[in-house]
Amino acid sequence: MNSLSVVLAADSATTVEYYGQNGAERRYFKGANKIFQLSEAHPVGLMIYNSASLLSVPWEVTIKEFRKELGDKSFNTVEGFADEFIAWVDASQRLFPDDIRRSGFVKQVSNSLVQITLDFNRSRQEDDTLDFSTFMATYVENRGTVVQNSELNDDEIGELTASTKNDLINELDEWLDFIQVTDVDEATRDMVIDEATKQSLNMLALENNYSGLIFAGFGDHSVFPELVSYSRCKLWGTKFVASKKKVEKVTHDIPAVLSAFAQSSMTDTFEVGLSFEVFAKMQETFAGELKAIADSLNELSGGTIPEARINELIGERLKSSKDKIFQYARAEHSLPLRRVLGVLPVDEMAELAETLINLQSLKEKVTKPSETVGGPVDVAAITRSEGLVWIKRKHFFDPSLNSRFFERRR
């Protein structure tokens, strides 16, 4: 972004992972659309990354349905458009019905119910006098789950548990029948469901089936372009949550912004002079070498310096070296780049954005076996006056054979 425009660029690669007879399998496709016009009437776009769907509904479908319902409604900031979209997705019963949301969460909790009942079955084989209620009381006391990093508060977790309780009781009863357990009291059932729900919420926090949403453009009161990104967007039970929010703006004091999402190594290298992956390895190597030198000197001097003091000194040197490296990178790479980026015309900004995507794709092609970046690159520019304009855009059809499509769009 600079004071004139925000340019969005994205590749077309998408990864589909599923479980077959041979375990987890991946397939790569190179026709995905990741950049969309969010409003027909206002200069705001939306870019996605990572998961291309929510509850099996493609984001492309969701975004276009939202665009129709948004109409000419506007907001003072891009953040206002983002808030409206997130609230609309969370409330949409037509695309994401509550019963489908609940059934998806019930399936997740069922996995934990299976593990708990199988754990009991294994314990019963060692002690045939063990009953299920005693097992669960001990299980919760010794291994009870504490919910961590959940995007739901205690009240929301309670509502989620209540709304799925009947379905989960049916699931639990099936597994209890399978291991031939009868006469389980209600309190024990509630204990099992509560524990399994907590386990599932913690698993949700660790899973990678999230989407990234990037809103960019101009609000009604925006002088310069703005960008609002959410790097963790997913369903938590029945609630759609967009978290890890970051707001970036061009201002009178900040003439340009360069941001990368999903994979950033090439942009980091371009902006800082080296990727953070390489920098992290450098720091790890420095730490090891400094420790080896310090231990050798300490041994030669008779071992008079305590280990804790050595580690403290190494930490100070590592911090000092990191600060000096980043100070150099900022002065010699980042600031000059942003000064130039701040005055680039729209067409050259678009060329830069496309080039960075192509370099990332080439780097992955020659250094890794995966194909997570590739295919045609779509590029869109958004200015206050022209709105979203496509610089490069792929079609799944030949435009020359479908003139009536473009006639209908006029």
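For the structure, check the block above.
Sequence order as written defines the numbering, with residues in each chain counted from 1. Local features in this predicted model are restricted to residues of pLDDT 70 or higher, and side-chain atom pairs are both shown and tallied only at a pLDDT of 80 or more, whereas totals for entire chains, interfaces and linings draw on every residue. Hydrogen atoms and water are omitted, and side-chain values are computed over all heavy atoms in the structure.

*Asks:* What exactly am I supposed to notice about the overall build of the protein chain here?
*Replies:* Under the DSSP-based scheme used, a helix requires at least four consecutive residues in state H or I and a strand at least two consecutive residues in state E, with every element numbered from the N terminus. Within the protein chain, the secondary structure is distributed over eleven helices and twelve strands. The dimensions of the protein chain, computed from C-alpha atoms along their principal axes, are 80 × 80 × 40 Å. A total of 410 residues make up the protein chain; the buried ones form 40% of that total. Look at the contacts in the protein chain between residues 6 or more apart in sequence, and 67% of them connect residues 24 or more apart. Areas reported as accessible are Shrake-Rupley estimates using a 1.4 Å probe. Residue values count occlusion only from the protein chains shown. Accessible surface computed for the protein chain: about 23,100 Å², of which carbon and sulfur atoms make up 51%. In this tally Asp and Glu are treated as negative and Lys and Arg as positive; neither His nor the chain ends contributes. One atom stands in for each charge, and that atom is NZ of Lys, CZ of Arg, CG of Asp or CD of Glu. Between the mean site of the 46 positive side-chain charges and the mean site of the 63 negative ones, the protein chain shows a separation of 7 Å. Burial here depends on accessible area, computed with a 1.4 Å probe over protein chains only, as a share of the maximum for the residue type. Under 20% is buried, over 50% is exposed, and the range in between is partly exposed. Contacts between residues were defined by any pair of non-hydrogen atoms, one from each residue, lying within 4.5 Å.

*Asks:* Is there a simple way to explain unusual backbone geometry in this structure?
*Replies:* Peptide bonds are mostly trans, and most non-glycine residues show a negative phi. Even without being a glycine, Ser56 presents a positive backbone phi close to 70°. Tracing the sequence through the fold places Ser56 in the loop between strand S6 (53–54) and strand S7 (57–58). Despite not being glycine, Lys244 has its phi angle at roughly 60°, a positive value. Relative to the helices and strands, Lys244 resides in strand S10 (residues 239–249).

*Asks:* Looking at this model, I keep getting lost on the sheet that holds strand S5 (residues 44–50). Mind explaining?
*Replies:* Two orientations exist for strands paired in a sheet by backbone hydrogen bonds: parallel and antiparallel. In spatial order, the strands read S4-S5-S8-S9-S10; together these five strands make up an open sheet with antiparallel pairing. The sheet is open, and its two edges are formed by strand S4 (35–37) and S10, each paired on a single side. Put simply, the sheet's adjacent strands are angled 25° from each other on average, direction ignored. Sheet analysis places S5 next to strand S8 (residues 211–217), joined by seven bridges and oriented antiparallel. What sits directly across from Asn50, in S8, is Ser211. Pairing between strands requires that DSSP locate at least two bridges from one strand to the other. What counts as an axis is a line fitted to C-alpha atoms, over the stretch in contact for a helix, and the angles between N-to-C directions run from 0 to 180 degrees.

*Asks:* What should I look at first to understand the packing of helix H3 (residues 98–126) against helix H6 (residues 186–206) in this one?
*Replies:* Pairs of packed helices are described in terms of their axes, by the angle between the two and the distance that separates them. Packing of H3 against H6 leaves a shortest axis separation of 8 Å and a crossing angle of 115°. Once H3 is placed against H6, the crossing between them reads as right-handed. Residue-level contacts link Phe105, Gln108, Val109, Ser112, Leu113 and Ile116 of H3 to Val192, Glu195, Ala196, Thr197, Gln199, Ser200, Leu201 and Leu204 of H6. Residue polarity follows a fixed list, in which Ala, Val, Leu, Ile, Met, Phe, Trp, Tyr, Cys and Pro are nonpolar, Asp, Glu, Lys and Arg are charged, and the others, Gly among them, are polar. Per-class residue counts for the contact of H3 with H6 are eight nonpolar, five polar and one charged. Crossing handedness follows the turn of the near helix against the far one: under a right angle anticlockwise gives a left-handed crossing, and clockwise gives a right-handed one.

*Asks:* Looking at this model, I keep getting lost on helix H9 (residues 307–341). Mind explaining?
*Replies:* Given a helix with a known number of residues, its expected span is that number minus one, times 1.5 Å. Taking 1.5 Å as the rise per residue, H9 with 35 residues should run 51 Å; its terminal C-alpha atoms sit 48 Å apart, in good agreement. A residue's bend is the angle separating two fitted axes: one through the seven residues that end there, the other through the seven that start there. A maximum bend of about 45° is found in H9 at Arg330. Regarding H9, the residues found buried are Ile310, Ile314, Leu318, Ala329, Ser334, Leu337 and Leu341.

*Asks:* Whenever I open this one, the pairing of S8 confuses me. Can you help?
*Replies:* Here S8 lies mainly inside the structure; seven of its seven residues are buried. On S8, burial covers both faces: Ser211, Leu213, Phe215 and Gly217 on one face and Gly212, Ile214 and Ala216 on the other are all buried. Relative to strand S9 (residues 226–236), S8 runs antiparallel, the two being bridged by six bridges. Bridge pairing in S9 places Phe215 opposite Val228.

*Asks:* For this particular structure, what's the right way to read the side chain of Ser5?
*Replies:* Among the secondary structure elements, Ser5 is positioned in strand S1 (residues 5–10). The exposure class assigned to Ser5 is buried, which follows from its relative accessible area of 0%. Reaching out from Ser5, the side chain makes a polar contact with the backbone oxygen of Ile382 at a distance of 3.2 Å. Those residues in contact with Ser5 that sit more than four places away from it in its chain are Pro225, Val346, Met349, Ala381, Ile382 and Thr383. Polar contact is defined as a pair of N or O atoms within 3.5 Å, subject to the rule that within protein one atom must be able to donate a hydrogen and the other to accept it, and that residues adjacent in sequence are counted only when both atoms are side-chain atoms.

*Asks:* What is the right way to read the sheet that holds strand S11 (residues 378–383) from this model?
*Replies:* What the three strands build is an open sheet, ordered S1-S11-S12; its pairing is antiparallel. Among the strands making up the open sheet, the edge pair consists of S1 and strand S12 (387–392). Between one strand and the next, the sheet's axes are offset by a mean angle of 20°, whatever the strand orientation. Both S1 and S11 contribute to a ladder of six bridges, which runs antiparallel. Residue Val7 lies in a different strand from S11, and its bridge partner there is Ala381. Strand contacts of helix H10 (residues 346–367): S1, S11 and S12, with the helix running at about 25° to S1, the strand carrying the most contacts.

*Asks:* Can you walk me through the environment of Glu40 in this structure?
*Replies:* Note on placement: Glu40 falls in the loop between S4 and S5. For the pair Glu40 and Leu70, spaced 30 residues apart in sequence, the C-alpha separation works out to 8.6 Å.

*Asks:* Quick question: what am I supposed to make of the nonpolar core here?
*Replies:* Inside soluble globular proteins, nonpolar side chains tend to come together where they are buried. Only buried residues count toward a nonpolar core. Its members are Ala, Val, Leu, Ile, Met, Phe, Trp, Tyr and Cys residues joined through side-chain atoms within 4.5 Å. In terms of nonpolar packing, the biggest core is built from 29 residues, with Leu38, Trp59, Phe85, Leu213, Phe215 and Phe240 touching the most fellow members. Secondary structure elements with two or more residues in this core: S5, helix H1 (59–70), helix H2 (78–91), S8, S9 and S10. The dominant element in this core, judged by the number of residues it contributes, is H2, at seven residues.

*Asks:* Explain the packing of helix H7 (residues 265–272) against H9 here, please?
*Replies:* Orientation of H7 relative to H9, taken along the N-to-C sense of each, is 95°, at an axis distance of 7 Å. Comparing the axis directions of H7 and H9 gives the class roughly perpendicular. Two secondary-structure elements touch here, H7 through Phe270, Glu271 and Val272 and H9 through Phe326, Ala329, His333, Ser334, Leu337 and Arg338. An angle below 35 degrees is treated as roughly parallel, one above 145 as roughly antiparallel, one from 65 to 115 as roughly perpendicular, and anything else as oblique.

*Asks:* In this structure, what is going on with the pairing of S5? I would like to understand it.
*Replies:* Two faces make up the sheet, and in a regular strand the side chains alternate between them. Across the seven residues of S5, six count as buried, placing the element largely inside the fold. The sheet contact formed by S4 and S5 spans three bridges and is antiparallel. Counterpart to Gln37 in the pairing with S5 is Gly45. Counted between consecutive antiparallel strands, the loop separating S4 from S5 contains six residues.

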